[in-house]
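# Geometric and topological summary
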Amino acid sequence: MKVLVIGSGGREHALVWKLAQSTRVDKIYCCPGNAGISEIAECIDISPKDHNGLVNFVKYEWIDLTVVGPEEPLAHGIVDAFEREGLRIVGPTKDAAQIEASKVFAKDFMKRYGIPTAEYRVFTSYLHAEEYIRMKGAPIVIKADGLAAGKGVVVAKTVDEAIEALRRIMKEKVFGKAGERVVVEEALEGEEASYLVFTDGEYILPMVSSQDHKRVFDNDEGPNTGGMGAYSPAPVVTPEVERKIMEKIMKPAIKGMRKEGLKYKGILYAGLMIRDNEPYVLEFNCRFGDPETQPIMMRMKSDLLEVFLAITEESLSKTSLQWRPDASVCVVAASGGYPGKYEKGKPIEGLDEVKKMEDVVVFHAGTSYDNGRLITAGGRVLGVTALGRDIKEARDRAYEAIEKIYFEGIHYRRDIAHRALK
Ligand code: AMP
Ligand code: GLY
């Protein structure tokens, strides 16, 4: 079979790496891909935004199955465009992808189906929102309604900080239309975890739990990023918590989608806050997480292609998943300055040394080739991912590997997985 993966990050590299292990996969394409992906797939420079271009490419190359990495093409209806042409694709339709693309939709949806989440109000007027914030006091969370590349959420410690965030979103319109509505919600305390499932709209197959590290510096300091590292499993997701996530969150969400006439097919990702063994949804995402997918794919034993096919054929209930008992840890190497301004084009060294290590895979994110030389080409550059018998061994191995890698300005957190080792 021929498979296309859309996207260019570490998540997509992990998906391509895993798909390449399937005996039924003959050829993988990636649009647009990156340097690491180009070693196992043919990278074609078509933008994930160019739905027509992608449809035509898939028709021309007789590609059997397409998998979408990032949220934007899903939110803009790439699945609808493919399905109109009778092409097989994994992911929710535009309407179903609103669960990530509109925080207002997601919150109202959770309320309708009794899914545990922070108390909230929606505002279209700056004045009313400001009044509400003053009434509620801090800490308080301000969220722009639409997609804002992970930057639309501010957990404000003071009322002034909350109002400043509100002003930027609603008055300065820094996220444009995405900020026409805001959600103001209660700040939840606890420990965060990511929980991802495969679903064909009826049946739900959970993946192993994981935990991301959103802040750029150690001890969760500094601004939010796309994710600086992740590990799996997340000890906070005990079997009891996992059962609650399935019963109180995943099942009602997929059933709720059906009730609204939206069959949700693909990956559903719940960003959770766990407090006193109770899970609350911070956000839903309509896709795989990045970097969570790197440690999750390292642990997956089953054939990923079979799972994707079962999703599109709505036969997931006949599939089961096997996972390695090992733990895995991914440490992200980023360009200095990320998530603010950073330089690109720095030569990357040391990967040959890491290749010799067992149970370590370096997934590429922002990398490219310049005259055959591997260089940095983005904020998050590499996801150094290791397996181990437990989190400690996986972490030690990931750090041993990342220490062999060098590019000018390299930055990575030294405390990935610290919470799991407390
Ligand atoms: P979101 O994009 O909604 O996941 O928000 C990004 C990050 O903001 C989350 O991963 C949390 O760290 C934080 N966050 C979001 N909502 C809340 C909340 N209600 N209480 C505390 N932290 C939150
Ligand atoms: N790791 C966070 C995300 O994928 O949204």
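Residues numbered from 1 in each chain as written. Chains lettered and ligands numbered in written order. Predicted model: local features only at pLDDT ≥ 70, side-chain atom pairs only at ≥ 80, totals over all residues. Heavy atoms only, no water.

### Overview of the overall build of the protein
The following threshold applies: Secondary structure follows DSSP: runs of H or I at least 4 residues long count as helices, runs of E at least 2 residues long count as strands, and numbering of each begins at the N terminus. With the radius of gyration taken over C-alpha atoms, the globule rule is written as 2.2 Å times the number of residues to the power 0.38. Contacts are residue-level and defined by heavy atoms, with any inter-residue pair within 4.5 Å sufficient. The method behind every accessible area is Shrake-Rupley, applied with a 1.4 Å probe, and residues are considered shielded solely by the protein chains displayed. We count Lys and Arg on the positive side and Asp and Glu on the negative side, and we leave His and both chain ends out. Charge positions come from single atoms, namely NZ of Lys, CZ of Arg, CG of Asp or CD of Glu.
Secondary structure summary: the protein contains 13 helices and 22 strands in total. Against the compact-globule benchmark of 22 Å for 422 residues, the protein has a radius of gyration of 21 Å, which places it among compact chains. In terms of overall dimensions, the protein has C-alpha extents of about 60 × 45 × 40 Å along its principal axes. Looking at the protein alone, contacts between residues at least 24 apart form 68% of all its contacts between residues at least 6 apart. Surface exposure of the protein reaches about 18000 Å², of which carbon and sulfur atoms provide 46%. Taking the average place of the 59 positive charges on the side chains of the protein and the average place of its 64 negative ones, the gap between the two points comes to 3 Å.

### Section: the pairing of strand β14 (residues 221–224)
Counted only if it meets this: DSSP calls a pair of strands paired once it identifies at least 2 bridges connecting them.
Both strand β13 (residues 215–217) and β14 contribute to a ladder of 2 bridges, which runs antiparallel. By the bridge assignment, Arg215 is partnered in β14 with Asn224. Here β13 folds back onto β14 in antiparallel fashion, the turn holding 3 residues, of which Asn219 has a positive phi close to 60 degrees.

### A closer look at the packing of aromatic side chains
Stated formally: Any Phe, Tyr or Trp ring, taking Trp's six-membered ring, that has another such ring centre within 6.5 Å forms a pair; planes under 30 degrees apart are called stacked, those over 60 apart edge-to-face, and the others tilted. Working definition: with a 1.4 Å probe on protein chains only, accessible area under 20% of the residue-type maximum means buried, over 50% means exposed, and in between means partly exposed.
For the structure shown, the criterion picks out 10 aromatic pairs. Ring plane angle 15 degrees and centroid distance 5.8 Å describe the contact between Phe105 and Phe109, whose orientation is recorded as stacked. Taken as a pair, Phe105 and Phe109 lie in helix α6 (residues 103–112) at a separation of 4 residues, close to a single helical turn. Given a relative accessible area of 0%, Phe109 falls into the buried group.

### Looking at helix α9 (residues 239–259)
Heads up, the condition is: To estimate how far a helix should extend, the number of its residues minus one is multiplied by 1.5 Å. To get the bend at a residue, fit one axis to the 7 residues ending there and another to the 7 starting there, then take the angle between the axes.
For α9, built from 21 residues, the straight-helix expectation of 30 Å at 1.5 Å per residue is met to within 8% by its first-to-last C-alpha distance of 28 Å. Roughly 35 degrees is the biggest bend found in α9, and it falls at Met246. Within the sequence span of α9, burial applies to Val241, Lys244, Ile245, Met246, Ile249, Met250, Pro252, Ala253, Ile254, Gly256 and Met257. Contact partners of the buried residues in α9: α5 (98–101), α6, β10 (191–199), β11 (204–206), β16 (266–275) and β17 (278–285). A positive backbone phi angle near 80 degrees is found at Gly261, which sits one or two residues after α9.

### A few points about the side chain of Ser209
What counts here: Contacts described as polar in this section are N or O atom pairs within 3.5 Å, which, within protein, must combine one atom able to donate a hydrogen with one able to accept it, while residues neighboring in sequence count only if both atoms come from side chains.
Summarising the element assignment, Ser209 is placed in the loop between β11 and β12 (211–212). A distance of 3.0 Å separates a polar atom in the side chain of Ser209 from the backbone nitrogen of Ala234.

### Regarding the nonpolar core
Definition in use: Put simply, a nonpolar core is a bunch of buried Ala, Val, Leu, Ile, Met, Phe, Trp, Tyr and Cys residues held in one set by side-chain atoms that sit within 4.5 Å of each other.
Ile78, Ile99, Met250, Leu268 and Phe284 are the most contacted members of the largest nonpolar core, which has 50 residues in total. Not counting the four nearest positions on each side in its chain, Ile99 is found in contact with Phe105, Ala106, Phe109, Met257, Tyr264, Leu268, Phe284 and Cys286. One finds Val16, Cys30, Leu309 and Phe363 within the second-largest nonpolar core, a separate group that totals 39 residues.

### Quick notes on the side chain of Gln294
Among the secondary structure elements, Gln294 is positioned in helix α10 (residues 293–299). When near neighbours in sequence (up to four residues on either side) are disregarded, Gln294 contacts Gly10, Arg11, Ala14, Gly289, Cys330, Phe363 and Thr385.

### Quick word on the packing of helix α7 (residues 126–136) against helix α8 (residues 159–171)
What describes two packed helices is the angle between their axes and the distance between those same axes. Put simply, the rule reads: Under this scheme, a helix contributes an axis fitted over its contacting stretch, all axes are lines through C-alpha atoms, and angles between N-to-C directions fall in the 0 to 180 degree range. Each angle gets one of four labels, with under 35 degrees taken as roughly parallel, over 145 as roughly antiparallel, 65 to 115 as roughly perpendicular, and the rest as oblique. Definitions for this section: a left-handed crossing has its near helix turned counterclockwise from the far helix by less than a right angle. A right-handed crossing has that turn clockwise. As a working rule, the residues Ala, Val, Leu, Ile, Met, Phe, Trp, Tyr, Cys and Pro are called nonpolar, Asp, Glu, Lys and Arg charged, and the rest polar, with Gly in that last group.
Remark: α7 packs on α8, axes separated minimally by 10 Å, with the N-to-C direction vectors making an angle of 165 degrees. As summarised for this structure, α7 and α8 are arranged roughly antiparallel, according to the angle between their axes. When you trace α7 past α8, the crossing you get is right-handed. Contacts from Tyr126, Ala129, Glu130, Ile133 and Arg134 of α7 reach α8 at Val159, Ala162, Ile163, Leu166, Arg167, Met170 and Lys171. Within the contact of α7 with α8, the residues separate by chemical class into 8 nonpolar, no polar and 4 charged.

### Description of the site of ligand 1
As a reminder, the rule being used: Residues are counted as near a molecule or strand when any one of their heavy atoms sits within 4 Å of it.
Among the 15 residues in the neighbourhood of ligand 1, the closest are listed as Glu185, Glu186, Leu188, Glu192 and Glu283. Between ligand 1 and Lys103 there is a distance of 3.3 Å, counted from an oxygen atom to a side-chain nitrogen or oxygen. Lys143 places a side-chain nitrogen or oxygen 3.1 Å from a nitrogen atom of ligand 1. Secondary-structure elements contributing two or more residues to the shell around ligand 1 are β7 (140–144), β8 (153–156), β9 (182–186) and β17.

### Notes on the pattern of salt bridges
Note the following rule: What counts as a salt bridge is simple: a side-chain nitrogen of Lys or Arg found within 4 Å of a carboxyl oxygen of Asp or Glu.
Under the counting rule described, the total for this entry stands at 38 salt bridges. Note that Glu343 is salt-bridged to Lys346, the shortest N-O span being 2.6 Å. Classification of Lys346 as buried rests on a relative accessible area of 13%. Here the salt bridges share partners, and the residues they tie into one network are Asp220, Arg413, Asp415 and Arg419.

### Some thoughts on the site of ligand 2
Residues in contact with ligand 2, as listed here, are Asp212, Gly226, Tyr269, Asn285, Arg287, Gly289, Asp290, Pro291 and Glu292. Contact with the protein chains removes 90% of the 200 Å² of surface that ligand 2 exposes when unbound. Across the shell around ligand 2, the residue classes tally to 2 nonpolar, 3 polar and 4 charged.

### Quick word on the packing of helix α1 (residues 10–19) against helix α11 (residues 304–313)
Two numbers describe how α1 lies on α11: the axes approach to 8 Å, and their chain directions differ by 100 degrees. Viewed along their axes, α1 and α11 adopt a mutual orientation that is roughly perpendicular. Contact residues: Leu15, Lys18 and Leu19 in α1; Leu304, Leu305 and Phe308 in α11. For the contact of α1 with α11, the residue count by class is 5 nonpolar, no polar and 1 charged.

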